[in-house]
Amino acid sequence: MADQEEEDLKMALHMSMQHAPPEPKRSKPRDAATGAPVTSPEDCRRMQRELMATAAEKRMMEAKKESPASNSPVSSSKIVKRTQDVSKERVLESNSPVSSSEVVKSSQYLSKERVLQSKEANLGKEEANQLFSMTFGSGVSKAILAQWSNQGIRFSSDPETSMGLVQHEGGPCGVLATIQAFVLKYLLFFPDELGNIASNTPQDLGFRSFSRNRHVATDNFASLTEDAKERALMNSMCEILFLCGNNKRAVIATLTILDIVEVSEDTRKDEVFTKALEGLSIESGSDLQNILRVDTYTSQASVLKRLKTMIPVFQSRMGAMLFLISALLSRGLDSVQADRDDPSLPLVTAPFGHASQEIANLLLCGQAVPNVFDGRMDLGGGMFLKGIATSVEVGFLTLLESLNFCKVGQHLKCPKWPIWVVGSESHYTVLFALDTTVQDENELEYRESQIRKAFDAQDQSGGGGFISVEGFHQVLRETNIRLPREKLDHLCGTGFIVWSEFWQVILDLDKSLGGLKDSTGLMGKKVFDLYHFNGIAKSDLNGSQMSCGGETPVQRPRLTKLRVSVPPRWTPEEFLADVAVTSGSGGNESGGKETEVAKPEPPQHAPLVDCIRTRWPRAVCNWVGDPPSIV
């Protein structure tokens, strides 16, 4: 450090003696210049010499002040408050040299990339109040704030569920489950990248086109290293934040209190941060203004570097809230409000403090839209309901669809990777497959999705599952379905057509007329495995699990393996009459073997099965042990 400071000072003195400044290696950020803009080359050269000399002098003075204490050991529990802001300036990540005539222009650009260096500049009073109000509302209870202030982003310590993030009761599970889905994407389908990439190497995280060729991941989760899990977490957080920032920027929110914390080499950061956060609470916008530090970045490399440093912060009890704030600021508060159908409601829902669908959608697709259907729905009179605009990396399924409260569109239902956040009335969990071919459509599924897409395009009921007679005729034309006159009159007799009735007619209609009736009974046969992870664990505020009688935890993170069989005929009863079941995904042989069984296992049921059937209709599920829980 001393050598670098001496070199800077020599450079500044050398520049002051030159007629023209040398080409700088990289520009250093500074506060915007006051007064009239500098235009002449001489003024630019003088300003550059002054800046370099001042920077070098400041570093030398700081070194002298700190040198007497440099030989003193730092106690592992000691927190040292600095007398001035010692945040390091960030260098603009550009390969182009900056000439003397661009000093002012570069300074203005650098202000967008550099770390904001004062509390006042991080979040203004109005912005902080807006952030708190839109997130929690004006009447939020202390219990809800406590839920969101006591949830870190930490992996499970159990070997079987070591790939999973542990969730405490209620509240931030929507944030954790979404991060979990992206973490699984990297752990399952990009393990080599996690193991081979050096810590300082920039990565391309998810903004390229991925191959959807067959990929079968391993389920040996106990073999995952801590380093691989940390890289997967950093990559996931980086990808989500850039997704929220329209792939142009990412904002990372941390705490100003951690800028005045020094940690000795023999001290764990998480222990020091835990002590530093004792007594810290967030109950208003002014609290956010006082404690938040906001850094804005425009490159993945800088975000990954910052996240690596700040991982202990996100593992701390404030982690989930800080990540949600980071996502909201990456999107922009005004943009978040514009995404929503009703921006007057808080994003964290009352009375239990759960993450709303808008939060889940923001982290999944980068927009805080409130609905899960594809595109947007025109209500007439210039009014629209906003849904998911584009395809997504990981998807979403919900129990509410099985109860006919909503309709999940194909963007969320068929993501790029076979990973889904699963929503219930009060909780978020994760469903995933190891084999990418589970989403490959066979003949029946392709025809069904084609007909359903045409039907949904005419559905103006908000997902209610019925269309007008005029819309129905349009569906028949688009899908080349030729219904006999008596069936057509029966469906149109009430003035509207219900999907369930229409679908039953299609199943009974011969393939030659555009239906799905198949005399062979083989069209649609499919057997594959899914895994369900529920990370919730009842715990105290310190993260240690509660026990009954000091022995067995009340609840621990749980991973359940399910065998899913999609019947080859139209009813589960007909499927169960079969005596042969082919193992493997997508009806293909998993290991080149076909398993013959005298009788399939009887189907089991749980609410998760209803969610799975929204993705694979008529699916039959089996598992070992207790039923999987989505609450």
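Heads up: the structure comes first, above all this text.
Along each chain, residue indices are assigned from 1 in the same order as the chain's sequence is written. Given that this is a predicted model, residues contribute local features only at a pLDDT of at least 70 and side-chain atom pairs are listed and counted only at 80 or more, while totals for whole chains, interfaces and linings are drawn from all residues. Note: side-chain values were computed over all heavy atoms of the structure, leaving out hydrogens and water.

Draft legend 1. View of the environment of methionine 234. Helix and strand labels come from DSSP, where a helix needs a run of H or I of at least four residues and a strand needs a run of E of at least two; each type is numbered from the N terminus. Secondary-structure assignment places methionine 234 in helix α9 (residues 226-244). Only protein chains enter the calculation, and the probe is 1.4 Å; a residue is then buried if its accessible area is under 20% of its type maximum, exposed if over 50%, and partly exposed in between. Judged by relative accessible area, which is 6%, methionine 234 ranks as buried. Along the backbone, methionine 234 and valine 303 are 69 residues apart, and their C-alpha atoms lie at a distance of 8.9 Å. In this analysis, two residues are considered to be in contact whenever any of their non-hydrogen atoms come within 4.5 Å of each other. With residues up to four places along the chain from it excluded, the contact list for methionine 234 reads Leu304, Leu307, Lys308 and Ile311.

Draft legend 2. Region of interest: the pattern of salt bridges. Only one rule defines a salt bridge in this text: a Lys or Arg side-chain nitrogen within 4 Å of an Asp or Glu carboxyl oxygen. Tallied over the full model, the rule gives 18 salt bridges. Its salt-bridge partner being aspartate 158, residue arginine 556 comes within 2.7 Å of it at the nearest N-O pair. With arginine 556 in the loop between β14 (552-553) and β15 (558-566) and aspartate 158 in the loop between α6 (142-148) and α7 (173-189), this residue pair connects regions lying 398 residues apart in the sequence. Classification of arginine 556 as partly exposed rests on a relative accessible area of 40%. Aspartate 295 is paired through a salt bridge with arginine 306; the nearest N and O atoms lie 2.9 Å apart. Here arginine 306 lies in helix α12 (residues 300-315) and aspartate 295 lies in strand β2 (residues 292-297), a separation of eleven residues in the sequence.

Draft legend 3. Quick look at the sheet that holds β15. The criterion for strand pairing is that DSSP finds at least two bridges linking the strands in question. With respect to topology, six strands assemble into an open sheet ordered β7-β8-β9-β12-β15-β16, the strand pairing being mixed. The two strands at the open ends of the sheet, each matched to only one other strand, are β7 (395-398) and β16 (620-623). Along the sheet, successive strands turn relative to each other by an average axial angle of 30 degrees, direction set aside. Running over the sheet, α7 touches β8 (419-423), β9 (428-432) and β12 (526-534) and is turned about 20 degrees from β9. With axes taken as lines fitted to C-alpha atoms, and helix axes fitted only over the stretch in contact, angles between N-to-C directions fall between 0 and 180 degrees.

Draft legend 4. Up close: the packing of helix α19 (residues 469-479) against helix α20 (residues 485-492). Here α19 crosses α20 at 145 degrees, and the two axes come no closer than 11 Å. In terms of crossing hand, the pair formed by α19 and α20 is right-handed. From α19, Val469, Phe472, His473 and Leu476 reach across to α20, where they touch Leu488, Leu491 and Cys492. Residue polarity follows a fixed list, in which Ala, Val, Leu, Ile, Met, Phe, Trp, Tyr, Cys and Pro are nonpolar, Asp, Glu, Lys and Arg are charged, and the others, Gly among them, are polar. In the contact of α19 with α20, the residues fall into six nonpolar, one polar and no charged. For any helix crossing, the convention is left-handed if the near helix is rotated counterclockwise from the far helix by under a right angle, and right-handed if that rotation is clockwise.

Draft legend 5. Examining the nonpolar core more closely. Membership of the largest hydrophobic core comes to 101 residues, with the highest contact counts inside it found for Trp148, Ile179, Leu292, Phe314, Phe323, Ile419 and Phe432. With 13 residues, the top contributor of residues to this core is α7. Not counting residues up to four positions away in its chain, the partners in contact with phenylalanine 323 are Ile153, Val175, Ile179, Met237, Ile240, Leu241, Phe314 and Leu363. Among buried residues, those of type Ala, Val, Leu, Ile, Met, Phe, Trp, Tyr and Cys that are joined through side-chain atoms within 4.5 Å constitute a nonpolar core. If you look at the next biggest cluster of nonpolar residues, it comprises 22 residues, including Trp616, Ala619, Cys621 and Trp623.

Draft legend 6. Local environment of the side chain of glutamate 448. With respect to the helices, strands and loops of the structure, glutamate 448 is situated in helix α18 (residues 443-457). Classification of glutamate 448 by relative accessible area gives buried; the value is 13%. Once you skip the residues sitting within four places of it in the chain, glutamate 448 turns out to touch Trp503, Pro617 and Arg618.

Draft legend 7. Fine view of the side chain of serine 424. Position of serine 424 among the secondary structure elements: in the loop between β8 and β9. Polar contact is defined as a pair of N or O atoms within 3.5 Å, subject to the rule that within protein one atom must be able to donate a hydrogen and the other to accept it, and that residues adjacent in sequence are counted only when both atoms are side-chain atoms. A polar side-chain atom of serine 424 sits 3.0 Å from the main-chain carbonyl oxygen of isoleucine 630. Not counting the four nearest positions on each side in its chain, serine 424 is found in contact with Leu399, Ile630 and Val631.

Draft legend 8. Seen up close, the packing of aromatic side chains. Centres within 6.5 Å make a pair out of two Phe, Tyr or Trp rings, where for Trp the six-membered ring is used; the pair is then stacked when the planes are under 30 degrees apart, edge-to-face when over 60, and tilted otherwise. Following the criterion strictly, the structure yields 16 aromatic pairs and no others. Ring centres of phenylalanine 221 and phenylalanine 432 lie 6.2 Å apart, and the angle between their planes is 75 degrees; this geometry places the pair in the edge-to-face category. Taken together, the residues phenylalanine 221 in the loop between α8 (191-196) and α9 and phenylalanine 432 in strand β9 connect sequence positions 211 residues apart. For the pair phenylalanine 221 and phenylalanine 432, one class covers both residues: buried. Where phenylalanine 455 meets tryptophan 499, the ring centres are 5.1 Å apart and the plane angle is 65 degrees; that geometry is what we call edge-to-face. Note that phenylalanine 455 is positioned in helix α18 and tryptophan 499 in helix α21 (residues 499-508), a separation of 44 residues in sequence. Residue class for phenylalanine 455 comes out buried when judged on its relative accessible area of 0%. Members of the aromatic cluster, connected to one another through ring pairs, are Phe455, Phe472, Trp499, Phe502 and Trp503. In this arrangement the basic side chain of arginine 452 is found over the ring face of tryptophan 499, its NZ or CZ atom lying 4.3 Å from the centre. Working rule: Lys NZ or Arg CZ, within 6 Å of ring centre, within 35 degrees of ring normal, means a charge sits over the ring. The aromatic ring of tryptophan 616 is capped on one face by arginine 615, whose charged end is 4.7 Å from the ring centroid.

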